[in-house]
2 protein chains.
Amino acid sequence: MFVIGSGAKHLEDEMRQLGAEIIEVELRKFPDGEKYVRVMGSGSEATVVSSTFYPQDERILELLLIGDALRERGFEKLRAVVPYFAYSRQDRVVKEGEPVSVRAVMRALGLYYDELYVVDIHNPRTLSYFPGKAINVSPARAIAEYFGEKLGEGLVLAPDKGALGRAKAVAELLGVEYSHFEKRRISPTEVEMRPVEVDVRGKNVLIVDDIISTGGTMIKASSILRKLGAGRIFVGVTHGVFAEGAIERVSKAVDELAVTNTIPTPVSRISIVPEIVGLQSARE
Amino acid sequence: MFVIGSGAKHLEDEMRQLGAEIIEVELRKFPDGEKYVRVMGSGSEATVVSSTFYPQDERILELLLIGDALRERGFEKLRAVVPYFAYSRQDRVVKEGEPVSVRAVMRALGLYYDELYVVDIHNPRTLSYFPGKAINVSPARAIAEYFGEKLGEGLVLAPDKGALGRAKAVAELLGVEYSHFEKRRISPTEVEMRPVEVDVRGKNVLIVDDIISTGGTMIKASSILRKLGAGRIFVGVTHGVFAEGAIERVSKAVDELAVTNTIPTPVSRISIVPEIVGLQSARE
């Protein structure tokens, strides 16, 4: 049985269409800003779905309150599905005195949840901070399906080597080539960015990544691909954490920009709901 | 050593005046709303002070991040001082399916903090949800000092029997009488509220309570006291969680309304900073 948190309201209809059984839940705020939650169902296992986009701290707290309510009601096994995991980029200490913020959130969720499912988390190693079983769900099927026909005999590129695994997963599903961009300093002030060991001339290109915010990297990559004579250029990203104006800027630079619905945005046209509902049926 | 969270900025100057040693901390927000914290000092013990008034969920998360940063820096013993503790009124299941929200917050703070200090928490029994040592600090000294001279040979009243202990603590410090209001149904539609076993005629009265929000109870109590011929009427409450317009309404109904600075408001004239700084010196 699923419980839909405030960060998954936008997924509810599709979840129902795919046959998910959903427990009613009451979610509201008191005048002083405190959240109130109440879960109506009962049972022994539940999967709480809520993506932690802005206001992320409220959604994290809500996940704890829902967890507490379910335990209080006697649920024995609780899973959290957090498609976009807030604080996932604060995954290490860069300057002395910083926290590993994602660890704090993982540990807090671990107070109530036995299992955690995330979609394409920025650094999968951070899942080890969750005290229970933690699984990183791949968006590759969804992205490949959405762009497959448009891409044709094109290729999939990662904006940097770190994201190569993401490009590979999508490319292998489509049976096309993949590679990544690399940055090279060509003068004291200039850095060149170019795709490694692939010829993009005349080919459609799909650039994939986990998070897009300002879109600067995608715009730069697109401009290089245009110069290299690429065909149509697509951007398919998992989490659309867009900065102000970024959707417009990237959309203008490429032939199509689409992200998944881990975060609801005007370009969240790729659905990871089958993955979420599938998790459940695979287990029951 | 103290660390000042965003919910204690308003206490910092007075803490320094009272000799508190304060570790520098950087607190800001990323454009996507994620909090960033960085603590500059080092040592083995630290006391993090932050009251969790609105936006309470952000302040709770910040306390976790500061805790994580301090642990990462090697601090071994951490105390949290949370003068106003958010979710403290959600202290039990009223309707089936509700969480015990205060428990979830206590447990989350317990991930990082060994000791918890709160000021006049709504239900002191909820402190047992905190895994470590938890202490409820009384505001009685501060309230008694603030109102003592004005009250003179008056008396201290609690608005209901549940708050009697608060009235007693203040009254005993001042060497004056105390009692409480009680509600009695006098007809199917009318409830009468009156002070029990005390004569208020000609006497100044101080009404004390832990939380004031709409102020409805205080206004009603004041109107009853006026009818009974009381002298000057004062309201001294610990936490000013005021609803819109409540300060004005209550101020008009009584001779003076003052709350402590656990939450910064225009009438937070009673300081609990000596208690906070004192905690530290008592321990070191």
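Everything quoted here is computed from the prediction, not taken from an experiment.

A. Local environment of the overall build of chain A. Scanning chain A from N- to C-terminus turns up eight helices and 14 strands. By principal-axis analysis of the C-alpha atoms, chain A measures approximately 60 × 45 × 35 Å. The long-range fraction of contacts in chain A, counting pairs at least 24 apart against all pairs at least 6 apart in sequence, stands at 60%.

B. The sheet that holds strand β9 (residues 155–158) of chain A, seen in detail. Residues and elements named next belong to chain A. With respect to topology, six strands assemble into an open sheet ordered β11-β10-β9-β12-β13-β14, the strand pairing being mixed. Here the strands that pair on one side only, and so sit at the sheet edges, are β11 (191–195) and β14 (256–259). If you compare each strand with its neighbour and ignore which way they point, the axes differ by 25° on average. Note that strand β13 (residues 233–240) and β14 share four bridges and pair parallel. Across the sheet, residue Val 237 finds its bridge partner in β14, namely Val 259. Together, β9, β10 (177–185) and β12 (205–212) form the strand contacts of helix α5 (residues 164–174), whose direction differs from that of β9 by roughly 165°.

C. Inspection of the interface of chain A and chain B at higher detail. At the junction of the two partners, chain A supplies 39 residues and chain B supplies 39 residues. Mapped onto the side of chain A that touches chain B, the elements with two or more residues apiece are β4 (35–39), α2 (56–72) and α3 (101–110) of chain A. Looking at the side of chain A that touches chain B, the element that brings in the most residues is α2(A), giving ten residues. Residues belonging to the side of chain A that touches chain B are distributed by class as follows: 21 nonpolar, six polar and twelve charged.

D. Region of the structure containing the domain arrangement of chain A. Residues and elements named next belong to chain A. Segmentation of chain A into domains returns domain 1 (2–138 + 272–283) and domain 2 (140–259). The C-alpha-based centres of domain 1 and domain 2 are spaced at 29 Å. At the junction of the two partners, domain 1 supplies seven residues and domain 2 supplies seven residues. When the residues that make up the side of domain 1 that touches domain 2 are grouped by side-chain class, the tally is three nonpolar, two polar and two charged.

E. The relation of the copies chain A and chain B, seen in detail. When chain A is fitted to chain B, the best match, at an RMSD of 0.0 Å, comes from turning it 180° and sliding it 0.0 Å along the axis. Each copy turns onto its partner about a two-fold axis.

F. Representation of the confidence of the model for chain A. In the predicted model, chain A carries a mean pLDDT of 96, and the fraction of residues at 70 or more is 98%. At the level of chain-chain contacts, confidence expressed as ipTM amounts to 0.95, with global pTM at 0.96.

G. Representation of the sheet that holds strand β10 (residues 177–185) of chain B in the model. Residue and element names in this part refer to chain B. Reading across from one edge, β11-β10-β9-β12-β13-β14 is the order of the six strands in this open sheet, with mixed pairing throughout. Where the open sheet ends on each side, the last strands, each with one partner, are β11 (191–195) and β14 (256–259). The sheet shows a mean angle of 25° between the axes of neighbouring strands, direction not considered. Sheet strands in contact with helix α4 (residues 140–151) are β12 (205–212), β13 (233–240) and β14, and its direction is about 170° off that of β13.

H. Structural detail: the environment of B:Pro124. Inspection of the secondary structure assignment puts B:Pro124 in the loop between β7 (115–119) and β8 (133–137). Taking the C-alpha atoms as reference points, B:Pro124 and B:Ser88, 36 residues apart in sequence, are found 9.2 Å from one another.

I. Spotlight on the environment of B:Asp68. Locating B:Asp68 in the fold gives a position in helix α2 (residues 56–72). Separated by 31 residues in the primary sequence, B:Asp68 and B:Val37 place their C-alpha atoms 9.8 Å from one another.

J. Representation of helix α5 (residues 164–174) of chain B within the structure. All names here are of chain B. Taken together, the buried positions of α5 are occupied by Arg 166, Ala 167, Val 170, Ala 171 and Leu 174. Take α5 and look down its axis: the buried residues cluster within an arc of 125°, on one side only. The positive-phi residue at the C-terminal boundary of α5 is Gly 175, with phi of around 65°.

K. Fine view of the packing of helix α6 (residues 216–227) of chain B against helix α7 (residues 246–253) of chain B. All names here are of chain B. One way to put it is that α6 packs onto α7 with a least axis distance of 9 Å and a crossing angle of 10°. In terms of axis orientation, α6 runs roughly parallel to α7. In this structure, α6 uses Met 218, Ile 219, Ser 222 and Ser 223 to contact α7, whose residues at the interface are Arg 249, Val 250 and Ala 253. For the contact of α6 with α7, the class distribution of residues is four nonpolar, two polar and one charged.

L. Seen up close, the pairing of β14(B). Here β14(B) shows a clear split, with B:Leu257 and B:Val259 buried on one side and none of B:Glu256 and B:Ala258 buried on the other. With α7(B) bridging β13(B) and its parallel neighbour β14(B), the resulting β-α-β unit is right-handed.

M. Fine view of unusual backbone geometry. Note that the residue after A:Tyr54, namely A:Pro55, is joined by a cis bond; omega there is -5°. Locating A:Pro55 in the fold gives a position in the loop between β5 (45–49) and α2. A positive phi angle, close to 70°, is found at B:Tyr87, a residue other than glycine. Within the chain, B:Asp120 stands out as a residue other than glycine whose phi angle is a positive 45°. Along the chain, B:Asp120 falls in the loop between β7 and β8. Judged by local crowding, B:Asp120 falls into the buried class, with 28 C-beta atoms found within 10 Å.

N. The arrangement of the packing of helix α4 (residues 140–151) of chain A against α5(A) in detail. Residue and element names in this part refer to chain A. Between α4 and α5, the least distance of the axes is 9 Å, while the angle of their chain directions is 55°. Our classification of the angle between α4 and α5 gives oblique. Regarding α4 and α5, the two cross each other, and that crossing is right-handed. The segment α4 lies against α5, with Ala 140, Arg 141, Ile 143, Ala 144, Gly 148 and Leu 151 engaging Ala 169, Val 170, Leu 173 and Leu 174. Across the contact of α4 with α5, the residue classes break down as eight nonpolar, one polar and one charged.

O. Examining the environment of B:Asp199 more closely. The residue B:Asp199 is located in the loop between β11 and β12 in this model. Judged by C-beta crowding, with 13 C-beta atoms within 10 Å, B:Asp199 ranks as partly exposed.

About the cut-offs
- Residues numbered from 1 in each chain as written.
- Chains lettered and ligands numbered in written order.
- Predicted model: local features only at pLDDT ≥ 70, side-chain atom pairs only at ≥ 80, totals over all residues.
- Helix = DSSP H or I, 4+ residues; strand = E, 2+ residues; numbered from the N terminus.
- Contact = placed C-beta atoms within 7 Å.
- Pairing = 2+ DSSP bridges.
- Axes fitted to C-alpha atoms, helices over the stretch in contact; angles between N-to-C directions.
- Nonpolar A, V, L, I, M, F, W, Y, C, P; charged D, E, K, R; others polar.
- Domains from an automatic or database assignment.
- Least-squares fit on C-alpha atoms with pLDDT ≥ 70 in both.
- pLDDT = per-residue confidence, 0-100.
- Buried ≥ 20, exposed ≤ 12 C-beta atoms within 10 Å, placed from the backbone.
- Arc of directions from axis to C-beta.
- Parallel < 35°, antiparallel > 145°, perpendicular 65-115°, else oblique.
- Right-handed = clockwise from strand over helix to strand, strands pointing away.
- Left-handed = near helix turned anticlockwise from the far one by under 90°.

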